[in-house]
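An overview of the molecular structure
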Amino acid sequence: MTERKARVAVLVSGGGTNLQALLDAQAAGVIRHGEIALVIANKQDAYALRRAEAANVPARVVLRKALGSQQAFEEAIARALDDEGIDLIVLAGFMAILSQWFTDRYSGRVINVHPSLIPSFCGEGYYGLRVHQAALARGVKVTGATVHFVNEVPDGGPIILQKAVRVYPGDTPEKLQLRVMKQAEWKILPAAVEMLSKQMAAQKGA
Ligand code: GAR
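All of these numbers come straight from a predicted model, not from anything done at the bench.

**Structural notes on the pairing of strand β4 (residues 88-91)**
The alternating pattern of β4 places L88 and V90 and I89 and L91 on opposite faces, both of which are buried. Relative to β4, strand β1 (residues 6-12) is paired through 4 bridges, and the arrangement is parallel. Of the residues in β4, the one forming a bridge with L11 is L91. By the bridge criterion, 3 bridges tie β4 to strand β5 (residues 110-114) in an arrangement that is parallel. Directly across from L91, in β5, lies its bridge partner N112. Since β4 and β5 lie parallel, the crossover through helix α5 (residues 100-105) that links them has a hand, and here it is right-handed.

Next comes the structure, spelled out in structure tokens:
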């Protein structure tokens, strides 16, 4: 039986270091059962778009404002995903909340990386550096990252992988963010993508 790889789309808004970690994991053979087939950005100037270009991955920009409504925005994303025959959708620093219409349509096929140990410091309003600011303000000594399935509850879907990271005295939100990325996000996100791609590839080949 020849197994076809799972087709993976990565949705981004900013720097795209998690996208880079996925591209590097694919190049290194850590991701073997999935291929990054599409990048979608909701910001015209997202640096992640340059990373996609450098890796020869097709990219599209979908702008909520230009489309006029959340529904039109999500339908445009869905069209792009369906055109490319995408199996697995990865939110990697994608700073937009998706409605239940979208999460139901792709149920069990959308995952997100979040820079804390869910259920701490998650949900609406907790994104990017704000998550690390909140962790430092609360004085936690351990934080980390989580990869989870996406459902209609922000950061509320079933947890797939987590990794803990130490907080040190003198940490700033920026220092902590970088440590969480290096020690946790850039490891567990590729690991989760490979794990799910393997399952999806097996289903496609069957
Ligand atoms: C990452 O830390 C990611 O976990 C976080 O934003 C950063 C994006 O960085 N995502 C969230 O906070 C989502 N709630 P990147 O663009 O360099 O991958």
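**Here we look at the packing of aromatic side chains**
In this structure the tally under the stated criterion is 1 aromatic pair. Judged by centre distance (4.9 Å) and plane angle (50°), the ring pair of F102 and Y106 falls under tilted. This pair shows no difference in class: F102 is buried, exactly as Y106 is.

**A word on the site of the ligand**
Among the 14 residues in the neighbourhood of the ligand, the closest are listed as G16, T17, N18, G128 and E185. E185 places a polar side-chain atom, nitrogen or oxygen, 2.6 Å from an oxygen atom of the ligand. Within the complex, 92% of the 450 Å² of free accessible area of the ligand lies under protein. Going through the elements one at a time, α1 (17-27), β5 and α7 (173-205) are the ones with two or more residues in the shell around the ligand. Looking at the shell around the ligand residue by residue, the class counts come to 6 nonpolar, 7 polar and 1 charged.

**Regarding the side chain of E194**
Its location among the elements puts E194 in helix α7. An unpaired buried charge is present at E194: no salt bridge exists, and R32, the closest side chain of opposite charge, is 4.5 Å distant. Among residues more than four places away in sequence, those in contact with E194 are V30, I31, R32, H33 and G34.

**Considerations on the pattern of salt bridges**
Per the counting criterion, the structure on display carries 7 salt bridges. A salt bridge links E84 to R7; the nearest nitrogen and oxygen atoms lie 3.1 Å apart. Placement of the pair is E84 in the loop between α4 (70-83) and β4 and R7 in strand β1, with a sequence separation of 77 residues. Residue R7 is classed as partly exposed on the basis of its relative accessible area, which comes to 23%.

**A closer look at the pairing of strand β6 (residues 142-149)**
A large share of β6 lies buried, amounting to 6 of its 8 residues. Bridging between β5 and β6 involves 4 bridges; their strand directions are antiparallel. By the bridge assignment for β6, I111 is matched with F149. Of the pairings in the sheet, the one linking β6 to strand β7 (residues 159-166) comprises 7 bridges and is antiparallel in character. Bridging from a neighbouring strand, T143 pairs with V165 of β7.

**Description of unusual backbone geometry**
The bulk of non-glycine residues show a negative phi, and the bulk of peptide bonds are trans. The omega torsion of the bond from I118 to P119 falls at 20°, within 30 degrees of zero and hence cis. As for its placement among the helices and strands, P119 is situated in the loop between β5 and α6 (129-138). A positive phi angle, close to 60°, is found at N56, a residue other than glycine. With respect to the element layout, N56 can be found in the loop between α2 (48-54) and β3 (59-61).

**Structural notes on the packing of α6 against α7**
Relative orientation and spacing of two packed helices are given, respectively, by the angle between their axes and the distance between those axes. The N-to-C vectors of α6 and α7 enclose an angle of 110°; their axes lie 9 Å apart at closest approach. By the angle class used here, α6 and α7 are roughly perpendicular. Relative to α7, the crossing made by α6 is right-handed. Contact with α6, carried on its side by L129, H132, Q133 and L136, involves P173, E174, L176, Q177 and V180 of α7 and no other residues of that element. Of the residues that constitute the contact of α6 with α7, the class distribution is 5 nonpolar, 3 polar and 1 charged.

Rules behind the numbers
- Residues numbered from 1 in each chain as written.
- Predicted model: local features only at pLDDT ≥ 70, side-chain atom pairs only at ≥ 80, totals over all residues.
- Heavy atoms only, no water.
- Buried < 20%, exposed > 50% of the residue type's maximum accessible area, 1.4 Å probe, protein only.
- Helix = DSSP H or I, 4+ residues; strand = E, 2+ residues; numbered from the N terminus.
- Pairing = 2+ DSSP bridges.
- Right-handed = clockwise from strand over helix to strand, strands pointing away.
- Phe/Tyr/Trp six-rings, centres within 6.5 Å; stacked < 30°, edge-to-face > 60°.
- Near = heavy atom within 4 Å.
- Polar contact = N/O pair within 3.5 Å; in protein donor to acceptor, adjacent residues only side chain to side chain.
- Areas by Shrake-Rupley, 256 points an atom, 1.4 Å probe, with all protein chains shown as cover.
- Nonpolar A, V, L, I, M, F, W, Y, C, P; charged D, E, K, R; others polar.
- Lys, Arg positive; Asp, Glu negative; His and termini not counted.
- Salt bridge = Lys/Arg side-chain N within 4 Å of Asp/Glu carboxyl O.
- Contact = heavy atoms within 4.5 Å.
- Axes fitted to C-alpha atoms, helices over the stretch in contact; angles between N-to-C directions.
- Parallel < 35°, antiparallel > 145°, perpendicular 65-115°, else oblique.
- Left-handed = near helix turned anticlockwise from the far one by under 90°.

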